[in-house]
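So the chains spell out like this:
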Amino acid sequence: MNSEAQKLYEEMKLHLANVVPDFELAYKAEIAVEINELKKKRNAVILGHNYMEPVLFYSVPDFKGDSLDLSRKAAQTDKDVVVFCGVRFMAETAKILNPNKTVLLPATKAGCSLAASITAEDVRNLKKKFPGVPVVTYVNTYADVKAESDICCTSSNAVAVVESLNTDTVIFLPDQYLASNVAKESGKHIIFPSLTPSGFSQAETSLLDVQMIGWHGRCEVHEKFTVKDIDTVRAQFPDVVILSHPECSPDVVNASDFSGSTNAMIQYVRESKAPHYLLLTECSMGDNVAAANPEKDMLRLCMVRCPHMNTITMEDTRDALKYNRYVIDIPEEIRIKAFQAVDRMIKIG
Ligand code: 13P
Ligand code: SF4
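Computed from a predicted model, the values in this text were never measured in an experiment.

Cut-offs and rules
- Residues numbered from 1 in each chain as written.
- Chains lettered and ligands numbered in written order.
- Predicted model: local features only at pLDDT ≥ 70, side-chain atom pairs only at ≥ 80, totals over all residues.
- Heavy atoms only, no water.
- Near = heavy atom within 4 Å.
- Nonpolar A, V, L, I, M, F, W, Y, C, P; charged D, E, K, R; others polar.
- Helix = DSSP H or I, 4+ residues; strand = E, 2+ residues; numbered from the N terminus.
- Buried < 20%, exposed > 50% of the residue type's maximum accessible area, 1.4 Å probe, protein only.
- Contact = heavy atoms within 4.5 Å.
- Polar contact = N/O pair within 3.5 Å; in protein donor to acceptor, adjacent residues only side chain to side chain.
- Areas by Shrake-Rupley, 256 points an atom, 1.4 Å probe, with all protein chains shown as cover.

Chemist: Please clarify how the site of ligand 2 should be interpreted in this entry.
Modeler: Tyr51, Cys112, Ser113, Leu114, Asn140, Cys219, Val221, His222, Glu247, Cys306 and His308 make up every residue found near ligand 2. Along the lines of polarity and charge, the residues of the shell around ligand 2 split into six nonpolar, four polar and one charged.

Chemist: How should the environment of valine 133 be read in this particular structure?
Modeler: Tracing the chain through its elements places valine 133 in the loop between helix H6 (120-129) and strand S5 (135-138). You can call valine 133 buried: its relative accessible area is 12%. As for valine 133 and methionine 212, which are separated by 79 residues in sequence, their C-alpha atoms are 9.6 Å apart. Setting aside its immediate chain neighbours within four residues, valine 133 contacts Asp150, Thr169, Val170, Ile171 and Ile213.

Chemist: What is the right way to look at the site of ligand 1 in this model?
Modeler: Taken together, His49, Tyr51, Asp66, Ser67, Asn140, Ser155, His222, His245, Glu247, Ser261 and Thr262 are the residues near ligand 1. Asparagine 140 is positioned with one of its side-chain polar atoms (N or O) 3.3 Å from an oxygen atom of ligand 1. Here serine 155 contributes a side-chain N or O atom positioned 3.0 Å from an oxygen atom of ligand 1. When ligand 1 sits alone it has 310 Å² of accessible area, and the protein chains cover 96% of it. The residue inventory of the shell around ligand 1, partitioned by class, reads one nonpolar, eight polar and two charged.

Take a look at the structure:
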């Protein structure tokens, strides 16, 4: 191992000695050295989502965080190349904000079940059905869907974004559970109009006392957590503190001790004193939080994993910079419209 790899290995060990076996750290430190050299050569910035595997999370990203945080970092960068260690919709958001920079996603697919749940055509149909009603779109969507929206939101600012519109009614897409959790928190009545062969069913589209119109998208990870899981864990560990992402069902959120974005959950564990925690979210984040809080016990509920976030590895990140892949491109007419929705969200603060 050369001196640079040795230095990185020591740094990674400081965080990960209790989470990752030593020989894995030594192997990944060598890859981290290659990544850092390529990063310098290409004048690149690496953004890493909180769900990245521990060795990646604690080595090469210049900035780490939740989707809102990383959108902000992407908007501020002066580097030539942005490597997004996250999923496609996040890399697309970086490109929307940086049309003249090269944005790379280290894996070909890295999708998201929420982004796949709605098309731009679906949004156009909703706008026809509910003319004049503003459209709030979760950032977990592709650029053409953002382009049909008035404003984007993430899990950390969804309530603030809805309230910023100051309207009686909003269309909130595409996450059914996030929308329901936001509706509950802001005291709004929500409906989920169902599509019939001839369009939306009439009964459900009468607006009367409706204040939010949602969609039926779901996160394939968070929808799997149940209240029974929570009850079972509490029976085994009575002093456990349970944190859930707002992409979980309202029942699960209600049965948890805290619900918030990935950043909010990280902060909550950091600032709390309880001995045991369970995060109802992608399992890798539990490892990252465990590494940052060695005196606290993180329980694992890792039977469901995000198959998309998990495709991003250190090797792929190195190869992204080495072979300039996989380049994110967005047609300019879509990008300009999507920019307005993303920029409006970022300006909310
Ligand atoms: P955050 O915005 O909380 O990081 O969530 C992104 C995500 O995809 C959660 O599954
Ligand atoms: Fe999408 Fe769910 Fe994976 Fe987040 S955890 S990227 S919402 S599929």
